[in-house]
Structures are given as structure tokens and as C-alpha cells.
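The residues making up each chain are set out below.
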Amino acid sequence: MGRTAVLLVLGLGMAMGFIGLQIFKSGEAASATQYAYLKYMNARNLARAAVHTALRTYDRNQIPATGVATSLGGGSFELTSLVSSTDGDTLRMATRGTYAESTYAIRLRLFRTTRPFPTVNGAISIRAKGVNFTVKGNPTVDGHNYDTTGTRTGSGDLPGVSTMDGTDSASVKQAFATKGILDGTPPVDVDTTTVDPLKFLDIYRNNADFVYNTTGVFPGQTWGTPASPVIVYCNPGDDTSFAIKFTGGVTGYGILVVRGNVQFNGNLSFRGLVVVDGFNTTVTFNAGGTPAVTGGIIIAGNKDAAITLNGTGAAAKCVYSSQALRQAMNIGKLRYYTILDWYE
Amino acid sequence: MSTMLDMVGAAILFGVLLLTVGRIQANINSTMYQNTYNMNVQSSAVFLARQLEFEVLKAGYGVTGAKMKIADSTCIAFLGALSFSGAADSVAYYTGAADSTSLNPHDFRFIRQARSGGTISQRLGMTDFRFSFYDTANVRMATPVTGATALAAIRAIGIKFRLESFEPVIDPVTGTANYYAVNWEKIIYPRNLGKPF
């Protein structure tokens, strides 16, 4: 009887153990199913992260590297291939996300284009009436189309200065009558199509690489490079005391937005678009330097907006350059992407 | 006399043990059913979720012109190539008739119809299946979405389904029938729906 009871208990114990194991395996299989889905989702998110990372690299005017795995959240992502069209407008890329043993691949084709860009109708385009235009020293304003090296291209010439009405045209002519050189096709013209740059300014402010919105004196500034143009936003407020002064040499590439009163003391070399906007704005290229803008200047604002061109030598100039403007237009972070094909 | 008492006592103890074992066996069976149904429902949900994600993400891929054909709360039809650089296919999902082969009184068939693969009526224990649609401003659109302009404005598709077990698990204590269920919900953004062509 005793041995029978022991055998019975042992048998029951083994049966319970077997059943318990089956239950455990069943629960484990359910967990494995859920975890497999989690791994799949993580791999997919990582592959998408690779796309976003590549595009943000373009935003910084850099070319994303292929074949470099980046670890993130326990997995990794990688841009496996990148082919750009000759003009850089179409991108084909393939990415891969890996999480545990799950891998997810995305292949896509994007059209890369630029945001709307203010049209420049001359070396200096004025979109304000009653502008106080002053010329001092011996500056040159030339609407002929130059390349970024300062050589005339021979086509695409514009007026030297375009104004909104005949009164301002006469005022500009008068300002250059005894000082400086005004050239272009024609030197001065009335063009009422100059766009109000105000609608672009929020975009430029939000994407600015350099922001000057407090008073101060800033010596020797360098803004970007020819290969990596940037956005500079100056807004000291509508005062008359030149709250922001740039002293010494200033070199920049890209888009320079000036709201309020700014004074450039010393040499200025800027390649791209300069937007001067604001109530009672006064911008002075001052002192004995050689301010030079290659690209275009748009002056917009209320009556009494003023710009003073200074400079002691012939190097002080503003010349129109469609090439420089195109480079400014193609600043990475101002570009956006349209999906042509997206396979995942 | 003492032998008789031993035998009666042993019989009573054996009976108690047998009843206990029987009760444990019932509970174990119930737990095993729960686990099995849980696993089956979860596996089906994962399978269906991955199928829907894989195919709905292809909406508009390799297609020019209209990409969405039908956009209703329980039915969707779209065009899209399901393989890389493949030919455009036509895919539709909708709910079918009640599933009379299961004990669950609420489940119905899930229908996938594709030009390339014909019509497949799937038994998944589906008791709820709904779509929602979002436009270019990420605003939910009223269903059904009709008209070429409204269909072209769809940028995101919300999918929600509920799967339940085919059979109930009877609670050994209360005797109530429980159907094990999985809810899944997701808003999918098929990137090709925003193509300019």
C-alpha cells in the first residue's frame, strides 16, 4: 500500500510537471510572437531613421556617407546606397535598419527642390516708395550678370537698381550723378514686380545659422563658406542708434537678412542675397572699407527706409550674380523633398 | 476490524485525492485553453497587422493618377505595386459574412481581394474591422470618402481591428464563457499617396 501510494504520487508529480512545461512553452511562444513583432517594428523605425538622418545631413550642406552603420536604441541603421542625379535634384537611396535578427529595408526616390525664393530684379531691388538712397565714397552698382569669381557671364543682365516708381528712379540717378558708378541693363529701371520679402523672413529666421538680435559690437565675422552657404539674421529692432555694429572684416555666403538698423564698419564681402527690411531701416556700409555684395540686394519696408553705400575705393560695389543667388537658394535647409517612389 | 478501517480510510483518502486531481486537471485544462487561444489570437493579430502594414504601405507605389479607389469605414481599395519595381496591383480589404464555423457569435470573415491573387476569405476570428482616413492637413475625413479630389487628398489610413478566439474558455468557477481578444490600431502613412503625379 505504501509503495503504491509513493508510485502514485510520483506519477502524478510527473504528469503535473509535463503539463506545467506545456503551459510554459505556450506562454513563451506567445511572448516570442509579440517580441518578433516588436523587433520588426524597431527595425523598420531604424530604417526610416536612416532616411531622415541622410536628409538632415543634406540640410547641413554635407553629403551623407553610405555604408556606415549607426547604433541607436539597441539596433543600428545605415544608408546602404545613395545615387544623386547630375544636377542633384533627384536622389535615389536605400536604407537598412537592423534590430536583433530583424532587418528592414527601404528604397526610395526623392525629388529635391528649393523653397520659393524672392525674385531679384536688379543688383539692388527696391520695394518701398520714398526710399532714402545715399551714395558716399566711390561705390559701384552693376546689374550685369557676374559669376561668383567676378567675371561677367555675358547673359542674364538686369538693371543696376530697380525701383517701384519714377520718383525713386530719379532719386537713385541723382545719388549716382556725382559719385560712384551705376551700370546695368538699364542702369535704373522701374519694376513694380519686386516681391515683398516679408513672407520669406520667418523661414529665414527659423532656419538662421547666425542670429544677431541683441545690441553689441561684433568684430570679424565669418558666415559660412562658398560650399556651405548659411543664413544670417540681424534684427536689432527699430531704433536709430545702430544697436548692432559689425567691425573689422565680415565675410559671408548665403542669405543675409537685416531688419532694423545695422552698421558694417570695415570691409564686407558677402556673396548671395541681402534682404533689408523694416520700419525706418537704415543700413550703412560705413568707414573706409570696401563693402562688396555679389548677388543681389532687396530693400523693402516703409517710407524712409534708407540704405547708404559707402566705401573709399572702386572695390566697394554691389553686383548682380545669378550664380551667387542660385547658391543661396540651394542652401540645404531651405530645400524640401517630394517623394517620387517609396518602397518598404 | 482494523484492516477494514484501513481499507475504508484509504478509499476515502483516495477519493479525496482523486477529486483534487480532477479539479486541478480542470484548472490546468482551462489554463491551457487560455494560453492556446491567447497564442493563436496573438499570432493571428501579428500576422494580420504585418500583412496590412506591408500592403497598405504600398498604396500608390508604381502608380500614376488615382491611387485610392474606395475609402469607407469597413472597406478599402487601392492601387499599388506590391514588389520592388513590380507591376501595379489592385488590393481591397473588406468584411465578409458571419463565420458560421466557429462558436464565437460575433466573428466574421476577413476578405482580401487582389487583381493578382484573387479573393481570399480568411477565418481570423475578426469581430471588428474599421478604417479611418486623414487628409493633407492630417484632419480625419468623413466616411465614405467619395470623389476623385477627396480620394486624392488621403494621406493617412487608420486601421483598427479586433480578433477573438474561435471558441470560449469556460471559467471553471463561474461557468462564464470568455473569448480571448487582441485589439490592434494604427495610422499608416503610405508615402506614395503624396506623389505629385
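Residues numbered from 1 in each chain as written. Chains lettered and ligands numbered in written order. Predicted model: local features only at pLDDT ≥ 70, side-chain atom pairs only at ≥ 80, totals over all residues.

K.L.:
Would you mind showing me how to read the overall build of chain B here?
P.N.:
For chain B, the count of helices and strands is two helices and ten strands. Counting helices and strands in the order they occur from the N terminus, chain B gives α-β-β-β-β-β-β-α-β-β-β-β. Referenced to the eigenvectors of the C-alpha coordinate spread, the extents of chain B come out at roughly 100 × 30 × 25 Å. Here the contacts in chain B between residues at least 6 apart in sequence split such that 53% fall between residues at least 24 apart. (Helix = DSSP H or I, 4+ residues; strand = E, 2+ residues; numbered from the N terminus. Contact = placed C-beta atoms within 7 Å.)

K.L.:
Help me out: how do you make sense of the pairing of strand 4 (residues 102-114) of chain A in this one?
P.N.:
Look at any regular strand and the pattern is simple: side chains alternate between the two faces of the sheet. All names here are of chain A. Where strand 3 (residues 90-99) and strand 4 come together, ten bridges link them in antiparallel fashion. Note that in strand 4 the partner of A94 across the bridge is R107. Counted between consecutive antiparallel strands, the loop separating strand 3 from strand 4 contains two residues, among which A100 sits at a positive phi close to 55 degrees. Two strands pair when backbone bridges link them, and strand 4 and strand 21 (residues 335-343) are joined in this way by eight bridges, in the antiparallel orientation. (Pairing = 2+ DSSP bridges.)

K.L.:
Help me understand the pairing of strand 7 (residues 156-164) of chain B in this model?
P.N.:
Here strand 5 (residues 118-134) of chain B pairs with strand 7 of chain B via eight bridges, running antiparallel. Within the sheet, the bridge partner assigned to D128 of chain B lies in strand 7 of chain B and is R162 of chain B.

K.L.:
Looking at this model, I keep getting lost on the nonpolar core. Mind explaining?
P.N.:
General note: in soluble globular proteins, nonpolar side chains tend to be found buried as a group. All names here are of chain A. Counting residues in hydrophobic clusters, the biggest one holds 60 residues, and the most contacted among them are A123, V232, V257, I297 and I299. If one sorts the elements of this core by residue count, strand 14 (residues 244-260) sits on top with eight residues. Apart from residues no more than four positions distant in its own chain, V232 is found in contact with A208, D209, F210, W223, G252, G254, L256 and V257. (Core = buried A, V, L, I, M, F, W, Y, C linked by C-beta atoms within 7 Å. Buried ≥ 20, exposed ≤ 12 C-beta atoms within 10 Å, placed from the backbone.)

K.L.:
Whenever I open this one, the interface of chain B and chain A confuses me. Can you help?
P.N.:
Size of an interface: often given as the accessible area lost when the parts come together. Residue-level contacts link 22 residues of chain B with 21 residues of chain A. In the side of chain B that touches chain A, the residues fall into eleven nonpolar, eight polar and three charged. (Nonpolar A, V, L, I, M, F, W, Y, C, P; charged D, E, K, R; others polar.)

K.L.:
Any chance you could explain unusual backbone geometry here in plain terms?
P.N.:
The bulk of non-glycine residues show a negative phi, and the bulk of peptide bonds are trans. Each neighbour pair has its own omega, and for T185 of chain A with P186 of chain A the value is -10 degrees, a cis peptide bond. Position of P186 of chain A among the secondary structure elements: in the loop between strand 9 (181-183) and strand 10 (188-190). Cis rather than trans, the peptide bond between T143 of chain B and P144 of chain B has omega equal to -5 degrees. Relative to the helices and strands, P144 of chain B is located in the loop between strand 6 (140-141) and helix 2 (148-152). Of note in the backbone geometry, N61 of chain A takes a positive phi value of approximately 60 degrees without being a glycine. One can find N61 of chain A in the loop between helix 1 (2-59) and strand 1 (70-72). When the 18 C-beta atoms within 10 Å are taken as the criterion, N61 of chain A is described as partly exposed. The residue A100 of chain A is not glycine, and still its phi comes out positive at about 55 degrees.

K.L.:
Which parts of the structure should I look at to understand the sheet that holds strand 2 (residues 75-84) of chain A?
P.N.:
Within a sheet, neighbouring strands are paired by backbone hydrogen bonds and run either parallel or antiparallel to one another. All names here are of chain A. Read across the sheet, five strands follow the order 1-2-3-4-21 without closing on themselves; strand pairing throughout is antiparallel. A strand with exactly one partner marks an edge of an open sheet, and here the two such strands are strand 1 and strand 21. On average, each strand axis in the sheet is inclined to that of its neighbour by 30 degrees, with strand direction left out of account. (Axes fitted to C-alpha atoms, helices over the stretch in contact; angles between N-to-C directions.)

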